[in-house]
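The primary structure of each chain is shown beneath.
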Amino acid sequence: MQDYLKPMEQVLAEQGSAPEGLGEQEAAKRLVKYGSNALAEAEKEGLVKRFLKQLADPMIFILLAAAAVSGATAAYAGESFADVFIILAVVLINAVLGLMQESKAEQAIEALNKISAPTAKVMRGGHLMTVGTSDLVPGDVLVLEAGDAIGADGRLIECASLKVEEAALTGESVPVGKDTDALAGEGGRDVPLGDRRNMVYMGSTIAYGRGRAVVTATGMNTEVGKIAGALAQAEEGKTPLQRKLSQLSRALSFLVLGICAAIFVVDVVRMGGNVTGERLLRTFMVAVSLAVAAIPEGLAAVVTIVLSIGVTNMSRRGAIIRKLTAVETLGCAQVICSDKTGTLTQNVMTVVEQSGADERLLATAMALASDARLEAGQAVGEPTECALVNCAAKLGLDKGRLEEATPRVGEAPFDSMRKMMTTLHRAKDGHIAQYTKGAPDEVLKRSTFMLSGGARVELTDALRDRIMAENKRMADKALRVLCAATRDWDEMPDNLEPEALENSLCYLGLSGMIDPVRPEVGSAIVKCRTAGIRPVMITGDHRDTAVAIARELGMLQDDREAITGAQLDDIPEAELPEAVSQLRVYARVQPEHKVRIVNAWRNQGKVVAMTGDGVNDAPSIKAADIGVGMGITGTDVTKNVADMVLSDDNFATIVKAVEEGRRIYDNIRKSVQFLLASNLSEVLAIFAATLMGFIILEPAHLLWINLITDSFPALALGMEKAEDGIMKRPPRDPSEGIFAGGVGASVLLQGTLVTLITLAAYFIGHFIEAGEWAMVNSHDGTTMAFLALSMTEIFHAFNMRRVNESIFRMKHQNKFLWAAMGASLVMTTAVIYVPFLRAAFGFAHISPMEYAISMLLAISIIPMVEFEKWIRRKLAR
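Notes on the structure follow. (Residues numbered from 1 in each chain as written. Predicted model: local features only at pLDDT ≥ 70, side-chain atom pairs only at ≥ 80, totals over all residues. Heavy atoms only, no water.)

1. Details of the overall build of the chain
Condition: Working definition: helices are DSSP H or I runs of at least four residues, strands are E runs of at least two. Numbering for both runs from the N terminus. Accessibility here uses a 1.4 Å probe with only protein chains present; expressed as a share of the type maximum, an area under 20% marks a residue as buried, one over 50% as exposed, and anything in between as partly exposed. Only heavy atoms matter for contacts: two residues are in contact if any of them lie within 4.5 Å across the pair. The method behind every accessible area is Shrake-Rupley, applied with a 1.4 Å probe, and residues are considered shielded solely by the protein chains displayed.
Counting secondary structure elements, the chain contains 33 helices and 25 strands. The buried share of the chain, reckoned over its 877 residues, is 56%. Within the chain, counting contacts between residues at least 6 apart in sequence, those at least 24 apart form 73% of the total. For the chain, the computed accessible surface area is about 36,100 Å², with 57% contributed by carbon and sulfur atoms.

2. A word on the sheet that holds strand β21 (residues 562-564)
Here is the rule we go by: Each pair of strands is called paired provided DSSP finds at least two bridges between the two strands. Lines are fitted to the C-alpha atoms to define the axes, a helix being fitted only along its stretch in contact, and any angle between axes, read from their N-to-C directions, falls within 0 to 180 degrees.
Overall, mixed pairing links the eight strands, which are arranged β8-β25-β24-β23-β9-β20-β22-β21 in an open sheet. The open sheet has two free edges, formed respectively by β8 (319-321) and β21, since each of these has just one partner strand. Put simply, the sheet's adjacent strands are angled 20° from each other on average, direction ignored. As paired elements, strand β20 (residues 534-538) and strand β22 (residues 585-587) share two bridges and run parallel to each other. From the neighbouring strand, methionine 537 faces β22, where its bridge partner is valine 585.

3. Some points on the packing of helix α18 (residues 521-530) against helix α25 (residues 651-692)
The condition that has to hold: In this scheme, roughly parallel covers angles under 35 degrees and roughly antiparallel covers those over 145, while 65 to 115 is roughly perpendicular and the rest are oblique. In this scheme the crossing of two helices becomes right-handed for a clockwise turn of the near helix relative to the far one and left-handed for an anticlockwise turn of less than a right angle. In the scheme used here, Gly and all other residues not listed as nonpolar or charged are polar, with Ala, Val, Leu, Ile, Met, Phe, Trp, Tyr, Cys and Pro taken as nonpolar and Asp, Glu, Lys and Arg as charged.
The N-to-C vectors of α18 and α25 enclose an angle of 30°; their axes lie 8 Å apart at closest approach. Here α18 is positioned roughly parallel relative to α25, judged by the angle of their axes. Where α18 crosses over α25, the two elements pack in a sense that is left-handed. Facing α18, whose interface residues are Val521, Ala524, Ile525, Lys527 and Cys528, α25 presents Phe651, Ala652 and Val655. Class assignment of the residues belonging to the contact of α18 with α25 gives a composition of seven nonpolar, no polar and one charged.

4. Looking at a nonpolar patch on the surface
The test is simple: To count toward a patch, a residue needs a relative accessible area over 30% and no salt bridge; like charges are then connected within 9 Å, while nonpolar side chains (Val, Leu, Ile, Met, Phe, Trp, Tyr) are connected within 5 Å. Salt bridge, as applied in this entry: a Lys or Arg side-chain nitrogen positioned within 4 Å of an Asp or Glu carboxyl oxygen.
Taken together, the side chains of Phe767, Ile768, Trp773 and Met849 make up a nonpolar region of the molecular surface, amounting to roughly 410 Å² of accessible area. Considering the arrangement of structural elements, one finds phenylalanine 767 in helix α28 (residues 743-770). For phenylalanine 767, a relative accessible area of 35% corresponds to the partly exposed category.

5. Some remarks on the pattern of salt bridges
Going through the model one piece at a time under the given rule, you end up with 40 salt bridges. The residue arginine 210 makes a salt bridge to glutamate 158 at a minimum N-O spacing of 3.5 Å. Separated by 52 residues along the polypeptide, arginine 210 in strand β7 (residues 205-217) and glutamate 158 in strand β4 (residues 153-165) bring together distant segments of the chain. Judged by relative accessible area, which is 46%, arginine 210 ranks as partly exposed. Exposure remark for glutamate 158: the relative accessible area of 35% places this residue in the partly exposed category. Between lysine 163 and glutamate 382 there is a salt bridge; the shortest N-O distance is 4.0 Å. Of this pair, lysine 163 sits in strand β4 while glutamate 382 is found in the loop between β12 (378-380) and α13 (383-394), placing the two residues 219 residues apart along the sequence. Considered together, lysine 163 and glutamate 382 belong to a single accessibility category, that of buried residues.

6. What to know about helix α30 (residues 815-833)
In plain terms, the rule: Helix span, expected: 1.5 Å multiplied by one less than the number of residues in the helix. To be clear, the arc concerns the directions from the helix axis to the C-beta atoms. Polar contacts, as counted here, are pairs of nitrogen or oxygen atoms within 3.5 Å of one another; within protein the pair requires one atom able to donate a hydrogen and one able to accept it, and residues that are adjacent in sequence qualify only if both atoms are side-chain atoms.
Here α30 contains 19 residues, and its C-alpha end-to-end distance of 27 Å stays within 8% of the 27 Å for a straight helix at 1.5 Å per residue. Taken together, the buried positions of α30 are occupied by Leu817, Ala820, Met821, Ser824, Thr828, Thr829, Val831 and Ile832. One face of α30 carries all of its buried residues, which in axial projection span an arc of 155°. Turned more than 90 degrees away from the buried face of α30, the exposed residues are Lys815 and Val826. Where α30 begins, the side chain of asparagine 814 points an oxygen toward the backbone nitrogen of phenylalanine 816, at a separation of 3.0 Å.

7. Description of the pairing of strand β17 (residues 455-458)
Residues in a regular strand point their side chains to alternate faces of the sheet. Relative to β17, strand β16 (residues 447-452) is paired through four bridges, and the arrangement is antiparallel. Residue pairing across strands places leucine 451 opposite arginine 456, the latter belonging to β17. The hairpin turn running from β16 into β17, its antiparallel successor, is two residues long, and glycine 453 in that turn takes a positive phi close to 60°.

8. Quick notes on the packing of aromatic side chains
By convention here, two paired aromatic rings are described through the distance between centres and the angle between planes. What counts here: Between rings of Phe, Tyr and Trp, where Trp is taken as its six-membered ring, a pair exists when centres lie within 6.5 Å; planes separated by under 30 degrees are stacked, by over 60 edge-to-face, and by other angles tilted.
Considering all chains together, one arrives at eight aromatic pairs under this definition. Relative to tyrosine 762, the ring of phenylalanine 694 has its centre 4.5 Å away and its plane inclined at 10°; by these criteria the two rings are stacked. You can see phenylalanine 694 sitting in the loop between α25 and α26 (699-709) and its partner tyrosine 762 sitting in helix α28, a full 68 residues away along the chain. Between phenylalanine 867 and tryptophan 870, the aromatic rings sit 6.0 Å apart at their centres with planes inclined by 25°, giving stacked as the arrangement. With a gap of three residues between them, phenylalanine 867 and tryptophan 870 both fall in helix α33 (residues 861-876), about one helical turn apart.

9. Remarks on the nonpolar core
The condition is simple: The term nonpolar core refers to a set of buried residues drawn from Ala, Val, Leu, Ile, Met, Phe, Trp, Tyr and Cys, joined through side-chain atoms within 4.5 Å.
In this structure, Met644 and Ile696 are the most contacted members of the largest nonpolar core, which totals 126 residues. It is α25 that contributes the most residues to this core, 17 residues altogether. Among all residues touching isoleucine 696, those that are not within four sequence positions of it are Ala685, Ile686, Ala689, Thr758, Leu759, Tyr762, Thr782 and Ala785.

10. Some points on the side chain of aspartate 140
Within the element layout of this structure, aspartate 140 appears in the loop between β2 (127-132) and β3 (141-145). A distance of 2.8 Å separates a polar atom in the side chain of aspartate 140 from a polar atom in the side chain of arginine 124. Among residues more than four places away in sequence, those in contact with aspartate 140 are Leu22, Met123, Arg124, Asp135, Ala213, Val214 and Val215.

11. Here's the deal with the environment of glycine 454
Within the element layout of this structure, glycine 454 appears in the loop between β16 and β17. What makes glycine 454 exposed here is its relative accessible area of 71%. Counting along the chain gives 96 residues from glycine 454 to aspartate 358, while the straight-line C-alpha distance between them is 7.7 Å.

12. Some points on unusual backbone geometry
A positive phi is found at serine 161, a non-glycine position, where the angle reads about 50°. Along the chain, serine 161 turns up in strand β4.

13. Topic: the environment of glycine 71
Residue position: glycine 71 is located in helix α4 (residues 58-77). C-alpha separation for the pair glycine 71 and phenylalanine 85, spaced 14 residues apart in sequence, amounts to 9.3 Å.

14. As for helix α12 (residues 359-368)
Among the ten residues that make up α12, seven are buried, leaving the element largely enclosed by the rest of the structure. Of the residues flanking the start of α12, the one acting as N-cap is aspartate 358, its side-chain oxygen 3.2 Å from the backbone nitrogen of arginine 360.

15. Brief notes about the pairing of strand β13 (residues 408-415)
Pairing of β13 with strand β14 (residues 420-426) involves five bridges; the strand directions are antiparallel. Bridging from a neighbouring strand, glycine 410 pairs with leucine 424 of β14. If you look at the hairpin formed by β13 and β14, you'll find four residues sitting between the two strands, and lysine 419 has a positive phi there, around 60°.

16. Some thoughts on the packing of α28 against α33
Between α28 and α33, the least distance of the axes is 11 Å, while the angle of their chain directions is 155°. By the angle between their directions, the pair α28 and α33 is classed as roughly antiparallel. You can see that α28 and α33 cross each other, and the crossing is right-handed. Contacts between α28 and α33 pair Ser746, Leu749, Gln750, Leu753, Val754 and Ile757 from the former with Ile861, Met864, Val865, Glu868 and Arg872 from the latter. Of the residues that constitute the contact of α28 with α33, the class distribution is seven nonpolar, two polar and two charged.

17. Description of the side chain of threonine 422
With respect to the helices, strands and loops of the structure, threonine 422 is situated in strand β14. At 2.7 Å, the side chain of threonine 422 forms a polar contact with the side chain of glutamate 502. Those residues within four positions of threonine 422 in sequence are excluded, and the remaining contacts are Glu411, Ala412, Gln434, Tyr435, Thr436, Leu501 and Glu502.

18. Considering the environment of leucine 144
In this fold, leucine 144 is placed in strand β3. In this structure leucine 144 comes out as buried when scored by relative accessible area, which is 3%. Measuring from C-alpha to C-alpha, the distance between leucine 144 and alanine 120 comes to 8.6 Å, with 24 residues separating the pair along the chain. Apart from residues no more than four positions distant in its own chain, leucine 144 is found in contact with Ile150, Leu156, Val200, Ile206, Arg210, Gly211 and Ala213.

Right, dumping it as structure tokens:
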């Protein structure tokens, strides 16, 4: 049986303790037995190991293979090893960028340790002592006062108006009132953490009152410790982009091996009986050329850099990305599971409705009959009382000035049994003004008058019914309703007991308060729905409050779409996927419920985002495809385990992140399509030339094109602005491949077109040089083919600005692409015309006419692809 179901005397006996606490020797023995009251720390990976993990990627292996191929080529030809160093530099930059972004990957357990209080007050041998929190042991008796952080889990054995702030654990925005009575479990069912009124937990704080509790759990056995354990066990899956690029890397690896083997076999067969070492070496080098042509050396670097730039852009918009690949995950998010308190709402109790004959007198009564105070214009104290003091301040009634004018001279403190608080204040004329606030039904029981039209009138049954109807109207809107009343005394009463003070009261009115929604959240949720994203609320707060907030935000239309954690427990695992698709609000949930909900969506193949700010959100944030933590109100635990942190705690920032994620994925896909079409054209050109018996381009030429000429335009494509209507289309299917939507067919067609242009340039160059069309090696042909291929790919990058639409309809320019074209043009021209570079690459000094012909051939790719797009648009219609 759980401790909260047992009488406190039984819990004390089972813990071998007493109200005066443990003896020093017994406490020392238990510290040895149970260990330090601290959370287990995660094993940290060393810098070298984390760096090597960055290299454990198929695309990196391909780059390293390219370096080996380039080195073999350079050694064979006696040329420079510059290409090898270029590729290795690309690998190094890629790994360093990834390491920098993920250097804080596993700090969640450390953050959990930080939330526990460093010291605690305990009874040891009947004496009050202060000990380090790490020295607390089961059986210790904690002494709790307002403002104290709770250092361990415990069962309350003494309680006086105690309220505990448990938002970080339960998500409930209002401090929880506590008592010492044993709870009654229903049919053996576990009582939700938020309803365990006789328990206190590590990581919570005392908001009001005082009490004592016997420690029942320390370290990893506490509720926070259980969260830490769940956090350590939660698996982190790959993002959709990681999965797709891994698949592409594997496919390219097999393609490279297949191409090399095929061309080697074809050439050997063609040799017949004339196989010599020299011819075998030449055949091997042709195969090497094909391998270099097939490998998009710049792809990994381009993707990493585009993601890095996306990270920078998103940070400027309030979203801090902790992992590069997480940038695009929100772009295909289909479900956003959001915490309520502090995420959808402001986590600040606020008076939103008042009902009374005199609004200023009602606000004065509410402010004075509270212990909250104003500091630098903001209320400090228990959240409900802060709301009342802030409400008065908005009416120009400063709590400090009110108390200066009418100082408090007596009080009857709040008590959870009578549900009221009364204060007495001396006015300037000497009479005593009494203000009472509390639960409406309790205050009305003790009221005989009410204020109406500036005068006191008798409080009839009809008026009471009207007031209670108003109370119900506010409560139905999930408002926390308090009632205020007053009473005047000619002089200070002798008896300050509540029974003597709280009668013959004059009713002043009702104040309704709630943790209000963030003003920008409503429109953000509308945008989510327009973008095909389903918002889901998961909160530890009460069902009525959650439903009211969800209705205000437009998250649900039918109350049947909301359930509690206890009801969720009754749903069998097999039926859960279907159930979650019908639900939009979950209330009174515990951490394990959140993980279960997230996993139910993920088991349906949905990409799930989970937002939150409390410790209780951490396991589900880690379990989700992308975890989103709050930067201002969020705990360190949440921030460190999240993939993305909102620096402004603004739910609308998630929508901006979705848009940015979609833009980045679109641009990466354009870059991938551009690079693959370019590499395919190189493969086809080499393969065709080999079959026809001549060498069109050397491996060094291909490496130059892949690493220099291709990479700049590919990076520039990553800078493209979002396409029109990007947030009006549904999320892409996470199982959708890189080549979906006709991309594969376009790569084949566009690669073939570039190949034909390259071959045409070679033959024209050979004809100009030799005056014939013979299929033999030609310096002019190779030089014109190199120039044509380089510039065709650059012009083709402009085609890729819009995959389906005409680029001539675009209203903005990509200055980065123009700069890339200029840089590539200058470097390509320099390689041909600067003597020592021309000699290094084995090019000919072509004439201005040959240069112009190559450029005209290159630019022809634009009308060709425009025609292809037009055909596709016609077929789509």
